[in-house]
Number of protein chains: 2
Amino acid sequence: MSAQIEKSTGERFSEDEVLRQIEQAVLDHRLPPGTKLKEVQLANLFGVKRGLIRKVLTRLAHSRLVDQTPNRGATVARPSVKEGRDLFAARRAIESAILETLIARSDEQMVSRLRKMLEREQKAYRRGDSEKALAQSVDFHRQLAALAGNGVLEAFLNDIIRRTPLVILAHLGDEEQNRCRNREHAEIVAAIEERDTRRAVKVMHQHLLHIESKIRHKPEAQKADLATLLRPLPEATT
Amino acid sequence: MSAQIEKSTGERFSEDEVLRQIEQAVLDHRLPPGTKLKEVQLANLFGVKRGLIRKVLTRLAHSRLVDQTPNRGATVARPSVKEGRDLFAARRAIESAILETLIARSDEQMVSRLRKMLEREQKAYRRGDSEKALAQSVDFHRQLAALAGNGVLEAFLNDIIRRTPLVILAHLGDEEQNRCRNREHAEIVAAIEERDTRRAVKVMHQHLLHIESKIRHKPEAQKADLATLLRPLPEATT
DNA sequence: GATAATAAAATTGTTAACAATATATTAGTA
DNA sequence: TACTAATATATTGTTAACAATTTTATTATC
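Since the model is a prediction, treat every value here as computed from it, not as a measurement. Counting of residues starts from 1 at the beginning of each chain's written sequence and follows it residue by residue. Just so you know, chain letters begin at A and ligand numbers begin at 1, following the order they were written in. It should be noted that, the model being predicted, local features are given only for residues of pLDDT at least 70 and side-chain atom pairs only at 80 or more, the latter also being counted only at that level, while totals for whole chains, interfaces and linings use all residues. Hydrogens and water are ignored here; the side-chain numbers use all heavy atoms of the structure.

(A) The arrangement of the overall build of chain A in detail. Strands here mean DSSP runs of E at least two residues long; helices mean DSSP runs of H or I at least four residues long; both are numbered from the N terminus. Counting secondary structure elements, chain A contains nine helices and three strands. Partly exposed residues are those whose accessible area sits between 20% and 50% of the maximum for their type, while under 20% is buried and over 50% is exposed, using a 1.4 Å probe and protein chains only. The buried share of chain A, reckoned over its 238 residues, is 48%. Every residue pair with non-hydrogen atoms within 4.5 Å of one another is taken to be in contact. The long-range fraction of contacts in chain A, counting pairs at least 24 apart against all pairs at least 6 apart in sequence, stands at 78%.

This is the structure we're talking about:
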């Protein structure tokens, strides 16, 4: 039926590696919502035992990337448009709180570290590397969360970020958008430097609304073959 | 070594039931942080197979009530004081966002439903039933989250509420505190009715700070026997 | 006695075989 | 054909036996 995925080294896949591969395929829409994820099929595909696949599917179900029904197996999750909007709304709340926390304890070192991130992001989009630019952009948000120092909020944000690609139709691509994101990020850093919480929160809010307005919330989807999982996309990540 | 826990009906425990029992024991501090949770011991205790215990421990680990280390098993989690404070800080952010969302879509029916909850809470503490009063109080917060209609925020709050008992030393008990909580809840409902978001958020903030100030963040803990799990406490829940 | 090396026991991790359930196929009936 | 019932296949769920690892106990050496 379908070929096998091999590691370049010839070793066997670890649980985490299998998890990442499937997760990435889901987030890239190579495995569209509703796709049945059969245990033996996946086990053969990766050359691992079914028990391992089972654990992976359970973990994916927990992070809501996969739906599991007793005795009926797992499918790629099909989040509703409402869920997508809820995700974005929650993100605005979380990131606002992160900024408030961050600014309360910010210092020069933090600001300079953020500036370095901005530069890297800028470089990426200027040389037209949209994929990298997007990844850097996401890292900027993660970095804010890390610097804020609240592990709970950080975990929540990471959860949201992980789930987001599944609820949107396509990733943001063109250069104009990349530049725009970068400018908004810079504005946030400026507000942090001035310790202007209100402004930072306001800009972040608009930034996130802006992002949400640019994407299309994914409405419904068709079916596709599991073997499509084989080749990774040349496209972006988050 | 240790006796067996039996269901009154004589049936076998389901996975969810075992989960709840262990979770409750952890949250009641009957199983203090650091306690080793051995698979065979638990399996014998509940009269179930080891595989089921295994799944339960993994689930508990995911909700951070249990720490799992490869090849070294599971122990009751020992959250730091910082983690406790982070949890409360995150809660303030989440519940503020919930209130903002709720008020934006509130109507008469919602308000009256909340009023009913207030009454039940009041009844409980007036008749001196602290346990019930505390449970009702927690339900009030859950209800706010549900009425707000954002499933993501609701899930986050439930996660926080579930983890909270583990980071505090003891549950809030005396009648004065019960009355105080109830009064603050009433004030929040009043603000919702007037659609006064700013006030609602402010009162909620103070309410949560108040709660946090009344508890003691749990610093460290000793060891205890697993069999203590047998008898449930006569004490409160969350 | 203290420490290190070795052996024994206990504990967790994996798997192949089996059981239970759900889905697909076929046969039967109007 | 359209529908139902019966059967076969495919898929998920469970478990007992085994493997790997860690912990405890024992012995040896200083």
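(B) Examining the protein's contact with DNA strand D more closely. Near DNA strand D you find 15 residues, and of these Lys38, Arg50 and Arg54 of chain A together with Lys55 and Arg72 of chain B are the closest. One heavy atom suffices: a residue is near a molecule or strand as soon as one of its heavy atoms comes within 4 Å of it. The protein-proximal atoms of DNA strand D, defined as those within 4 Å of the protein, are 77% sugar or phosphate. Within the contact set of DNA strand D, a phosphate oxygen lies 2.7 Å away from a side-chain nitrogen or oxygen of Lys38 of chain A. Within the side chain of Asn71 of chain B, an N or O atom sits 3.5 Å from a sugar or linking oxygen of DNA strand D. Listed by contribution, the elements that provide at least two residues to the surface near DNA strand D are β1 (36-37) and α3 (50-62) of chain A together with α3 (50-62) of chain B. When residues are sorted by character, Ala, Val, Leu, Ile, Met, Phe, Trp, Tyr, Cys and Pro go into the nonpolar class, Asp, Glu, Lys and Arg into the charged class, and all the rest, Gly among them, into the polar class. Residue composition of the surface near DNA strand D, grouped by class: two nonpolar, three polar and ten charged. Contacts described as polar in this section are N or O atom pairs within 3.5 Å, which, within protein, must combine one atom able to donate a hydrogen with one able to accept it, while residues neighboring in sequence count only if both atoms come from side chains.

(C) Region of interest: the side chain of Asp86 of chain B. The residue Asp86 of chain B is located in helix α4 (residues 81-104) in this model. Take Asp86 of chain B: its relative accessible area is 12%, and that puts it in the buried class. Ignoring any residue separated from it by four or fewer positions in sequence, one finds Asp86 of chain B in contact with Gly149, Asn150, Gly151 and Val152 of chain A.

(D) Up close: the sheet that holds strand β2 (residues 66-69) of chain B. All names here are of chain B. The pairing criterion is simple: DSSP has to find at least two bridges between the two strands. Spatial strand order, β1-β3-β2: three strands in an open sheet with antiparallel pairing. The open sheet has two edge strands, β1 (36-37) and β2, and neither has a second partner. Judged from the two bridges that link them, β1 and strand β3 (residues 73-76) form a sheet pairing that is antiparallel. Pairing of Leu37 across the sheet is with Ala74, part of β3. Think of each axis as a best-fit line through the C-alpha atoms, taken over the contacting stretch in the case of a helix, with angles from 0 to 180 degrees between the N-to-C directions. In the packing of α3 onto the sheet, the strands contacted are β1, β2 and β3, and the crossing angle to β2 comes to about 115°.

(E) Here's a closer look at the protein's contact with DNA strand C. Residues in close proximity to DNA strand C total 15 residues, the closest being Lys55 and Arg72 of chain A together with Lys38, Arg50 and Arg54 of chain B. Within 4 Å of the protein, the atoms of DNA strand C are drawn from sugar and phosphate moieties in a proportion of 77%. With respect to DNA strand C, the side chain of Lys38 of chain B contributes an N or O atom lying 2.8 Å from a phosphate oxygen. Elements represented by at least two residues in the surface near DNA strand C include exactly α3 of chain A together with β1 and α3 of chain B. A breakdown of the residues in the surface near DNA strand C according to their chemical character gives two nonpolar, three polar and ten charged.

(F) Seen up close, the packing of helix α6 (residues 130-148) of chain A against helix α8 (residues 175-193) of chain A. Residues and elements named next belong to chain A. Across the interface, α6 lies against α8 with an axial gap of 11 Å and an inter-helix angle of 20°. Judged by the angle between their axes, α6 and α8 are roughly parallel. Note on packing geometry: the crossing formed by α6 with α8 is left-handed. Contact residues: Ser130, Ala133, Leu134, Ser137, Phe140, His141 and Leu144 in α6; Asn178, Arg181, His185, Val189 and Ile192 in α8. When its residues are assigned to classes, the contact of α6 with α8 shows six nonpolar, five polar and one charged. In this scheme, roughly parallel covers angles under 35 degrees and roughly antiparallel covers those over 145, while 65 to 115 is roughly perpendicular and the rest are oblique. Helix crossings are classified by the rotation of the near helix relative to the far one: an anticlockwise turn of less than a right angle makes the crossing left-handed, while a clockwise turn makes it right-handed.

(G) Here's a closer look at the pairing of strand β3 (residues 73-76) of chain A. Residue and element names in this part refer to chain A. Here β3 shows one buried face, formed by Ala74 and Val76, and one open face, formed by Gly73 and Thr75. Sheet topology places strand β2 (residues 66-69) next to β3; four bridges connect them, and they run antiparallel. Looking across to β3, one finds that Val66 is bridged to Val76. What sits between β2 and β3 in their antiparallel hairpin is a turn of three residues, with Asn71 showing a positive phi close to 70°.

(H) Expanded view of the relation of the copies chain A and chain B. Least-squares superposition of the copies uses the C-alpha atoms of those residues scoring a pLDDT of at least 70 in each of them. For the pair chain A and chain B, the best superposition has an RMSD of 0.0 Å and corresponds to a rotation of 180° with a translation of 0.0 Å parallel to the axis. The relationship between the two copies is best expressed as a two-fold rotation axis. Of the interface residues in chain A, 100% have counterparts in chain B that sit at the interface too, so the contact is made through matching surfaces.

(I) Representation of the sheet that holds β1 of chain A. Across the sheet, which stays open at both edges, the three strands sit in the order β1-β3-β2 (chain A) with antiparallel pairing between neighbours. The sheet is open, and its two borders are formed by β1 and β2 of chain A, each paired with just one other strand.

(J) Fine view of the interface of chain A and chain B. Contacts between the two partners involve 21 residues from chain A, matched on the other side by 21 residues from chain B. On the chain A side of the interface with chain B, the three residues burying the most area are His62, Val152 and Phe156 of chain A, jointly 35% of the side's total. By definition, a salt bridge exists where a carboxyl oxygen of Asp or Glu is found within 4 Å of a side-chain nitrogen of Lys or Arg. The interface formed by chain A and chain B contains zero salt bridges. There are seven residue pairs in polar contact (both at pLDDT 80 or more) connecting chain A and chain B. Elements represented by at least two residues in the side of chain A that touches chain B include exactly α4 (81-104) and α7 (151-167) of chain A. Counting residues per element, the side of chain A that touches chain B draws most heavily on α4 of chain A, at nine residues. Grouping the constituent residues of the side of chain A that touches chain B by class yields eleven nonpolar, four polar and six charged. Note: buried area is the sum, over both parts, of the accessible area (probe 1.4 Å) each one loses when the two are combined.

(K) Spatial organisation of the packing of aromatic side chains. Residue and element names in this part refer to chain A. Two aromatic rings, drawn from Phe, Tyr or Trp (for Trp, its six-membered ring), form a pair once their centres lie within 6.5 Å of each other, and the interplanar angle then sorts them: stacked below 30 degrees, edge-to-face above 60, tilted otherwise. Applying the stated criterion across every chain, the model contains three aromatic pairs over all chains. Pairing Phe13 with Phe46 gives two aromatic rings, centres 5.5 Å apart and planes at 85°, and the pair type is edge-to-face. In this pair, Phe13 is assigned in the segment before α1 (15-27) and Phe46 in helix α2 (residues 39-46), connecting sequence segments 33 residues apart. In this structure Phe46 comes out as buried when scored by relative accessible area, which is 3%.

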